[in-house]
Amino acid sequence: GGGGGGGGAPSGGETSDTTDKDDNTTPSTPETEDNTGAVTSDKFVDLGSHTWAKDAIYALVDAGVVNGTSENTYSPAKHIKRADFAIMLVRAFDVAGGEGEQFADVDSSKYYAKELLTAKVNGIVGGIGDNKFNPEGEISRQDMMVMLSRALEAQGKKLEKADESVLAQFADAAELSDYAKAAVASVVKAGIITGSNGRINPVAKATRAEIAVMLERVIGK
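Report on the accompanying structure. Only a predicted model underlies this, so the values are computations on that prediction, with no experimental measurement involved. (Residues numbered from 1 in each chain as written. Predicted model: local features only at pLDDT ≥ 70, side-chain atom pairs only at ≥ 80, totals over all residues. Heavy atoms only, no water.)

**A word on the packing of aromatic side chains**
Aromatic ring pairs are described here by two measures, namely the spacing of the ring centres and the angle between the planes.
Link 1 in the chain: Applying the stated criterion across every chain yields a total of 4 aromatic pairs.
Link 2 in the chain: Ring geometry for Phe 44 against Tyr 58: centres 5.6 Å apart, planes inclined by 5°, an arrangement best described as stacked. Of this pair, Phe 44 sits in the segment before α1 (54–62) while Tyr 58 sits in helix α1, placing them 14 residues apart in sequence. Of the two residues, Phe 44 and Tyr 58, neither departs from the other in class, the shared state being buried.
Link 3 in the chain: A ring pair is formed by Phe 44 and Tyr 74, whose centres lie 5.7 Å apart and whose planes are at 45°; its orientation type is tilted. With Phe 44 in the segment before α1 and Tyr 74 in the loop between α1 and α2 (82–92), the pair connects residues that are 30 residues apart, well separated along the chain. Of the two residues examined, Phe 44 and Tyr 74, each falls in the buried class.
Link 4 in the chain: Directly above the aromatic system of Phe 133 lies the positively charged group of Arg 82, at a separation of 4.4 Å from the ring centroid.
Link 5 in the chain: Between Arg 208 and the ring centre of Tyr 74, over which it is positioned, the NZ or CZ distance is 4.2 Å. (Phe/Tyr/Trp six-rings, centres within 6.5 Å; stacked < 30°, edge-to-face > 60°. Helix = DSSP H or I, 4+ residues; strand = E, 2+ residues; numbered from the N terminus. Buried < 20%, exposed > 50% of the residue type's maximum accessible area, 1.4 Å probe, protein only. Lys NZ or Arg CZ within 6 Å of the ring centre and 35° of its normal.)

Rendered as structure tokens:
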């Protein structure tokens, strides 16, 4: 689990100095627009090629962290928006809101506005510079790992620091952006991310199946 396809050269991402550039590609289905409620049986009919993620998907849907994309589909191979992943983290860790300045490119009427501001004021997300976040862009796997690491730290569950040499096991470790290396090393050491076929696929876009597995590994413990 936690695998994914390849990707192009990294363009930056979730950094500690709040400049997190990421490719702006076709947005995914919003996580909150097709809320089908709790799922306790094999309701989704499109998980056949993603059996490795099935249990995690149902566990998170039951917990209200993720939703289906329709009454009986989950779309496990679909990429996910940066804003939607921020929503998942806020829900998964029950992050409390707070007062602060919203990102300049986030309309207050958007379904993700409130939870994205919560993620921002708690230090879970940074931005792409100029107080922008690129909420509709698809999140890369390395930014997914950076945000997760920050979310854990915000909840007082900081991952054990890992030597970056742990990344040498991945054939594509050189594709990791410098800002992400420490966070990726920590989630790998913690067993949250295992890679796929000897690759970590840092600049590939994260899928809904991958994200479900990663989050379940963290909150299911």
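**With respect to the environment of Gly 64**
Link 1 in the chain: Along the chain, Gly 64 turns up in the loop between α1 and α2.
Link 2 in the chain: For the pair Gly 64 and Ala 92, spaced 28 residues apart in the sequence, the C-alpha separation amounts to 8.3 Å.

**Here we look at the environment of Ser 149**
Link 1 in the chain: Tracing the chain through its elements places Ser 149 in helix α4 (residues 141–154).
Link 2 in the chain: Ser 149 gets classed as buried once you look at its relative accessible area, which sits at 16%.
Link 3 in the chain: In the structure, Ser 149 is positioned 10 residues away from Leu 159 in sequence and 6.9 Å away in space, judged by C-alpha atoms.

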